[in-house]
Amino acid sequence: MKKGLILCFLMLWASVQLFSGCTDRNTIIDQNSEITGHNWTYLNRFKFTFKIDDENAAYNLYVNLRVTGDYKYSNLFVLVSQTGPGIKDAVKRYEMKLANKDGEWLGKGSGNLYSYQEPFLVNHKFAAKGTYTFIIEQNMRDNPLREVSDVGLRVEKSPRTP
């Protein structure tokens with residue numbers, strides 16, 4: 001009985017260690033939102049809110065994106081809006097390259113889905129501690145933009161941060 005209890009405890013401890021080791025302590029947010037029916041319309045604006053506790057650190061920000069193999073363009077334009085303490089509301093347009101000129105996808109493929117994580121702010125310093133909100137919307141001519149599965153935001157402390 002005692003050996004069984006010890007074995008059960010060791011298995012539980014090993015599981016906790018395994019799963020706690022999978023988290024990246026530098027990650028502030030890594031969140032994705034599914035796009036209903038893979039049809040991204042102009043009205044589908046995805047909002048991501050997170051808190052910055054260290055305004056002296058540098059951060060890397062990425063747009064996460066997944067498209068199907070049936071997506072018909074080699075790129076995708078997004079508008080990224082940001083609000084937060086110490087900054088004026090700002091909107092900037094970014095282009096994400098998704099395929100080579102010969103049509104080869106640049107993302108990581110799994111079945112018929114291709115995943116991308118494109119940096120748009122590198123070694124960025126936030127003006128102050130506080131809560132920040134980023135909104136991502138598609139900025140292509142097609143409405144809806146078909147075969148886009150997910151969009152998201154990743155914010156992490158830069159490895160260069162002292």
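For the structure itself, look to the data block above.
Reading guide: rules and limits
- Residues numbered from 1 in each chain as written.
- Predicted model: local features only at pLDDT ≥ 70, side-chain atom pairs only at ≥ 80, totals over all residues.
- Heavy atoms only, no water.
- Helix = DSSP H or I, 4+ residues; strand = E, 2+ residues; numbered from the N terminus.
- Buried < 20%, exposed > 50% of the residue type's maximum accessible area, 1.4 Å probe, protein only.
- Contact = heavy atoms within 4.5 Å.
- Pairing = 2+ DSSP bridges.
- Axes fitted to C-alpha atoms, helices over the stretch in contact; angles between N-to-C directions.
- Phe/Tyr/Trp six-rings, centres within 6.5 Å; stacked < 30°, edge-to-face > 60°.
- Lys NZ or Arg CZ within 6 Å of the ring centre and 35° of its normal.

Overview of the overall build of the protein
- Each helix and strand counted, the protein has 1 helix and 11 strands in total.
- Ordered by position from N to C terminus, the α and β elements of the protein give α-β-β-β-β-β-β-β-β-β-β-β.
- Expressed as a percentage of the 162 residues in the protein, the buried residues total 36%.
- Excluding contacts between residues fewer than 6 apart, the proportion of contacts in the protein whose partners are at least 24 apart in sequence is 78%.

Let's talk about the sheet that holds strand β7 (residues 108-110)
- Spatially, β1-β11-β4-β8-β7 is the arrangement adopted by the 5 strands of the open sheet, whose pairing is antiparallel. Two strands close off the open sheet at either side, each with one partner strand: β1 (27-34) and β7. Sheet twist, expressed as the mean angle between neighbouring strand axes with direction ignored, is 15°.

With respect to the pairing of strand β4 (residues 59-68)
- Here β4 lies mainly inside the structure; 9 of its 10 residues are buried.
- Taken together, the 9 bridges between β4 and strand β8 (residues 113-124) define a ladder with antiparallel strand orientation. Counterpart to N64 in the pairing with β8 is Q117.
- Bridge count for β4 against strand β11 (residues 148-157) is 9 bridges, and the pairing is antiparallel.

Comments concerning the packing of aromatic side chains
- Taken as a whole and judged by the stated rule, the model has 10 aromatic pairs.
- Ring geometry for F50 versus F134: centroids 5.7 Å apart, planes at 20°, classification stacked. With F50 in strand β3 (residues 46-52) and F134 in strand β9 (residues 130-138), the pair connects residues that are 84 residues apart, well separated along the chain.
- A relative accessible area of 0% places F134 in the buried class.
- Considering the side-chain rings of W105 and Y114, the 5.3 Å spacing of their centres and the 25° angle between planes classify their relative orientation as stacked. Accessibility assignment for this pair places W105 and Y114 in one class, buried.
- Ring pairs connect the aromatic residues F50, Y59, Y94, F120, F126, Y132 and F134, which therefore count as one cluster.
- A cation over an aromatic ring shows up here: R93 above the ring of F77, its NZ or CZ 3.8 Å from the ring centre.

So, the sheet that holds β3
- Overall, antiparallel pairing links the 4 strands, which are arranged β3-β9-β5-β6 in an open sheet. The open sheet has two free edges, formed respectively by β3 and β6 (90-97), since each of these has just one partner strand. Here the average twist between neighbouring strands, direction ignored, is 25°.
- Taken together, the 8 bridges between strand β5 (residues 75-83) and β6 define a ladder with antiparallel strand orientation. Within β6, the position partnered with N75 by the bridge is K97.

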